[in-house]
Amino acid sequence: MQIFRCVALSVAVALLPGVAYSQGKTAPKDAKLYFITPHDGQKIRGGFWVRFGLRNMGVTHAGDEYQNAGHHHLLVDVNDPIDSKEPILQDKSHLHFGAGQTETFLELPPGTHTLQLVLGDAKHYPFEPPIVSSKITVRVR
């Protein structure tokens with residue numbers, strides 16, 4: 001029984017660096033994530049296209065472990081700060097684009113909304129430091 005505990009503890013300790021490595025991958029210091037459209041403060045009627053821009057990094061599928069590449073996440077009306085130690089949530093306010101998409105057609109209810117992009121690694125963790133766009137505001141009529 002004592003040997004089993006030692007083996008189990010050794011395996012757990014050996015796996016810890018791999019778990020930590022999947023979180024907070026480093027990104028180039030000059031990486032920039034931004035909105036191509038819409039523009040901050042834009043007034044919109046009905047649905048609209050959101051186009052993502054990324055400079056000095058690549059876009060790939062979720063699950064692909066390429067150096068300096070990730071996939072987009074669109075945060076809609078999210079005020080909580082990004083935690084690079086936790087995977088990006090997936091719900092109606094945290095939209096994942098794990099197939100490498102660089103645009104989406106978005107339909108929001110009338111009112112004022114905020115949008116922000118976050119680049120995630122293969123396992124949906126933000127990079128370290130997080131690669132995020134400026135938060136923009138749009139008004140849907």
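Residues numbered from 1 in each chain as written. Predicted model: local features only at pLDDT ≥ 70, side-chain atom pairs only at ≥ 80, totals over all residues. Heavy atoms only, no water.

1. Re unusual backbone geometry
And then number 1: Geometrically, the link from T37 to P38 is a cis peptide bond, its omega value of -5° lying close to zero.
And then number 2: Counting through the fold element by element, P38 comes out in the loop between strand 1 (32-37) and strand 2 (43-44).
And then number 3: With an omega of -5°, the peptide bond between E128 and P129 qualifies as cis.
And then number 4: Relative to the elements of secondary structure, P129 occurs in the loop between strand 8 (111-120) and strand 9 (136-140).
And then number 5: Even without glycine at this site, N68 takes up a positive phi of about 55°. (Helix = DSSP H or I, 4+ residues; strand = E, 2+ residues; numbered from the N terminus.)

2. Some details on the environment of Q116
And then number 1: Mapped onto the fold, Q116 is located in strand 8.
And then number 2: The buried category is assigned to Q116, whose relative accessible area is 15%.
And then number 3: Taking C-alpha positions, Q116 is 9.5 Å from L33, a pair spaced 83 residues apart along the chain.
And then number 4: In this structure Q116 touches F35, H73, L74, L75, V132, S133, S134 and K135, once residues within four positions along its chain are discounted. (Buried < 20%, exposed > 50% of the residue type's maximum accessible area, 1.4 Å probe, protein only. Contact = heavy atoms within 4.5 Å.)

Distances and angles like these do not, on their own, reveal function.
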